[in-house]
Every structure is written in structure tokens, then in C-alpha cells.
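Observations on the three-dimensional arrangement
Here is what each chain is made of, one letter per residue.
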Amino acid sequence: MQYIENSLTYEDYQRLRTSAGWKNFAKLQAERALAGSRYTVTAVWHGRTVAMGRVIGDGMYHILADVIVQPDFQRRRIGTTILTMLLAYIDEQTPAGGRTSIQLIAEPGKEAFYERFGFKKIPHEFCGSGMRKVIYKE
């Protein structure tokens, strides 16, 4: 597996979102969002992008977005590697004496994956069963 920084294309972005059962955005909207990403990681297997993750934010507040591993490549530690790289990037960008807030929205049933990295659920009365949960790490 090869992990490549800052090379996420619209085509791979759209295909991976579809593979996860997520709705896609308009092409222009997605291209602008990808261009505004602070950092991206893709996992490439034999020339095909099979996973991705993005960091968006302003340097104090970061959002991990679109962390997706194609279903037939899950459970191979690819997501763990991508998440580790995303968090390392944020750590490298945080100045000495600084701090950051990292947030993401987890799919139902995926919260434990992020909790292993120190993320915590934010309780919210609208996050019932079957709804995505916002979780954070400081």
C-alpha cells in the first residue's frame, strides 16, 4: 500500500464516497472543497485509490473529513494509517505552547475506531440511534 499526501482528485473523492454509500456533491462544489483542504492522504493499491482522508480548518480548529476506506479494503489498518497521518499533520502544524480542537462526524457504529485515538463523543439530544455522532479531541 502506498500513502500519498495532497493528491486527492475529484474522481477518486467521488468514487470513494459512492463506495461508502455517501451522497456526492456537485462537481464544482467538491472541487472547491478539495482545493481548500489543508491536507489530504490517499491510500493507493496497484495504481487505484482505495482510501482517503482530509483535514480542513483554520489552524486552531480542525475537522477530519471524508475518512473513507473502500469496503473491500477495510480491516487492513489502512484507516488507522490514514488517521495517524492526519493527526500527525495537525500536531506538526500546532506551534509550541499552542493547542488545537479536532472534530469529526462518525458514521453510526464507527465511533469506537475514533475513540481509540482519544476522541470523545459530544452528547447531543438530536444524535439518536442511527444518526451520525460528532466527536472531538483536544
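All of the points below concern the structure found in this document. (Residues numbered from 1 in each chain as written. Predicted model: local features only at pLDDT ≥ 70, side-chain atom pairs only at ≥ 80, totals over all residues. Heavy atoms only, no water.)

The helix and strand tally for the protein stands at four helices and seven strands. Each helix and strand of the protein, placed in order from N terminus to C terminus, yields the pattern β-α-α-β-β-β-α-β-α-β-β. When the 138 residues of the protein are sorted by exposure, 39% land in the buried category. Element-wise, carbon and sulfur atoms account for 52% of the exposed surface of the protein, whose accessible area totals about 8,200 Å². (Helix = DSSP H or I, 4+ residues; strand = E, 2+ residues; numbered from the N terminus. Buried < 20%, exposed > 50% of the residue type's maximum accessible area, 1.4 Å probe, protein only. Areas by Shrake-Rupley, 256 points an atom, 1.4 Å probe, with all protein chains shown as cover.)

The residue N6 is not glycine, and still its phi comes out positive at about 55 degrees. Relative to the helices and strands, N6 is located in the loop between β1 (2-5) and α1 (10-19). With a phi close to 70 degrees, R77 is a non-glycine residue in the positive phi region. By secondary structure assignment, the location of R77 is in the loop between β4 (61-69) and α3 (78-93).

We now examine α1. Taken together, the buried positions of α1 are occupied by Y10, D12, Y13, L16 and R17. Here the buried residues of α1 occupy an arc of 165 degrees about the axis, which is enough to place them on one side. Among the structural elements, α2 (27-35), β3 (48-57) and β4 are those in contact with the buried residues of α1. With its phi angle positive at about 80 degrees, G21 sits one or two positions after the end of α1. (Arc of directions from axis to C-beta. Contact = heavy atoms within 4.5 Å.)

Along the chain, the position of Q70 falls in the loop between β4 and α3. A distance of 3.2 Å separates a polar atom in the side chain of Q70 from a polar atom in the side chain of R15. Among residues more than four places away in sequence, those in contact with Q70 are R15, L16, S19, R48, T49 and V50. (Polar contact = N/O pair within 3.5 Å; in protein donor to acceptor, adjacent residues only side chain to side chain.)

Note: β4 against strand β5 (residues 101-106), three bridges, orientation parallel. Of the residues in β5, the one forming a bridge with Y61 is S101. Each parallel crossover has a hand, and for β4 linked through α3 to β5 it is right-handed. (Pairing = 2+ DSSP bridges. Right-handed = clockwise from strand over helix to strand, strands pointing away.)

Our next topic: the packing of aromatic side chains. All told, the structure shown has five aromatic pairs when counted by the stated rule. Where F113 meets Y114, the ring centres are 5.0 Å apart and the plane angle is 80 degrees; that geometry is what we call edge-to-face. Take Y114: its relative accessible area is 8%, and that puts it in the buried class. Three or more aromatic residues joined by ring pairs make a cluster, and in this case those are F113, Y114, F117 and F119. One residue, R76, lies across the ring of F73, its end atom 4.5 Å from the ring centre. (Phe/Tyr/Trp six-rings, centres within 6.5 Å; stacked < 30°, edge-to-face > 60°. Lys NZ or Arg CZ within 6 Å of the ring centre and 35° of its normal.)

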